Amino acid sequence: MYSFIDINNVPLIQRIRYTAVFLLLGLLLHSNVHTQLPDYHVQLFDENDGLRTDMDRVIKDKNGFIWILYYDRVQRFDGRHTVEFFIGGGLGSLYADRNNKIWLASSSSVYQFENDHKGFSEIPIPHEGKLSFNSFYQLEGRETSILTSKGFYAYDPEKVSFFPVTDEKYKIEIPVNT
């Protein structure tokens, strides 16, 4: 036989406990209903959509374009179509800076994306001897820079060229713990 609690004969402190337990159970049951993940649309893109599988790097710019780096070309993907820009072999670094400029480095040159018609234009880097390029970076309040086999080079938008970082105003002091 079941026995029911006569709420009138229960002390106040126990009534508060019962109320708290019922509220907690109600919140837990209610919250489980709302923690289900929403449905997501998933779509697979492959060679049939113009995307190759031998990609080296992938970045996304501020306009939502996906830029895909291959050994000899770059593709820009807008979610429906791809546009290919053939550069040549030895591509190794792809970067979108804070100004939404797209940069590309091969084993011997640096390029900046101009537009769909011109594609990537080579940016001069004055140097002597062999120079190889590693990776791009951009510090707060500065233009894009690149790490090379001969040190750091910074981009000068007025001269449309990179220059070696030797000037004191471009040097960065790195604190050393002693």
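Keep in mind the model is a prediction, meaning the values are calculated, not measured.

Student: What is the right way to look at the pattern of salt bridges in this model?
Tutor: Where charged atoms of side chains with opposite charge meet at close range, the side chains can pair. What the rule picks out here adds up to six salt bridges. In this structure, the salt-bridge partner of E114 is K118, at a minimum N-O distance of 3.7 Å. A cluster of three or more residues bridged by salt bridges with shared partners is formed by D72, R73 and E84.

Student: Is there a simple way to explain a nonpolar patch on the surface in this structure?
Tutor: A cluster of nonpolar side chains, Y18, V21, F22 and L25, forms an exposed patch at the surface whose accessible area comes to about 400 Å². Note on placement: L25 falls in helix α1 (residues 12-34).

Student: Please clarify how the packing of aromatic side chains should be interpreted in this entry.
Tutor: The relative placement of two aromatic rings is captured by the distance of their centres and the angle of their planes. In this structure the tally under the stated criterion is twelve aromatic pairs. When the centroid spacing of 4.8 Å and the interplanar angle of 70 degrees are considered together, the rings of W103 and Y155 count as edge-to-face. Placement of W103 in strand β6 (residues 102-105) and of Y155 in strand β11 (residues 151-156) is noted, with a sequence separation of 52 residues between them. Residue W103 is classed as buried on the basis of its relative accessible area of 0%. Taking the relative accessible area as the measure of exposure, Y155 reaches 5% and is therefore buried. Here the aromatic rings of F113 and F120 are separated by 5.3 Å at their centres, their planes lie at 65 degrees, and the arrangement is edge-to-face. In this pair, the class of F113 matches that of F120, namely buried. By way of ring pairs, the aromatic residues Y95, W103, F136, Y155 and F162 are connected into one cluster. Directly above the ring of F65 sits R76, whose terminal nitrogen or CZ lies 4.6 Å from the centroid.

Student: Looking at this structure, how should I read unusual backbone geometry?
Tutor: A negative phi angle is the norm for most residues apart from glycine, just as the trans form is the norm for most peptide bonds. In this structure, N100 is a non-glycine residue whose phi angle is positive, near 65 degrees. Relative to the elements of secondary structure, N100 occurs in the loop between β5 (93-96) and β6. With a phi close to 50 degrees, V160 is a non-glycine residue in the positive phi region. One can find V160 in the loop between β11 and β12 (161-164).

Thresholds, definitions, all that
- Residues numbered from 1 in each chain as written.
- Predicted model: local features only at pLDDT ≥ 70, side-chain atom pairs only at ≥ 80, totals over all residues.
- Heavy atoms only, no water.
- Salt bridge = Lys/Arg side-chain N within 4 Å of Asp/Glu carboxyl O.
- Patch = residues over 30% accessible without salt bridge, like charges linked within 9 Å, V, L, I, M, F, W, Y side chains within 5 Å.
- Areas by Shrake-Rupley, 256 points an atom, 1.4 Å probe, with all protein chains shown as cover.
- Helix = DSSP H or I, 4+ residues; strand = E, 2+ residues; numbered from the N terminus.
- Phe/Tyr/Trp six-rings, centres within 6.5 Å; stacked < 30°, edge-to-face > 60°.
- Buried < 20%, exposed > 50% of the residue type's maximum accessible area, 1.4 Å probe, protein only.
- Lys NZ or Arg CZ within 6 Å of the ring centre and 35° of its normal.

Read these as geometric descriptors, not functional statements.
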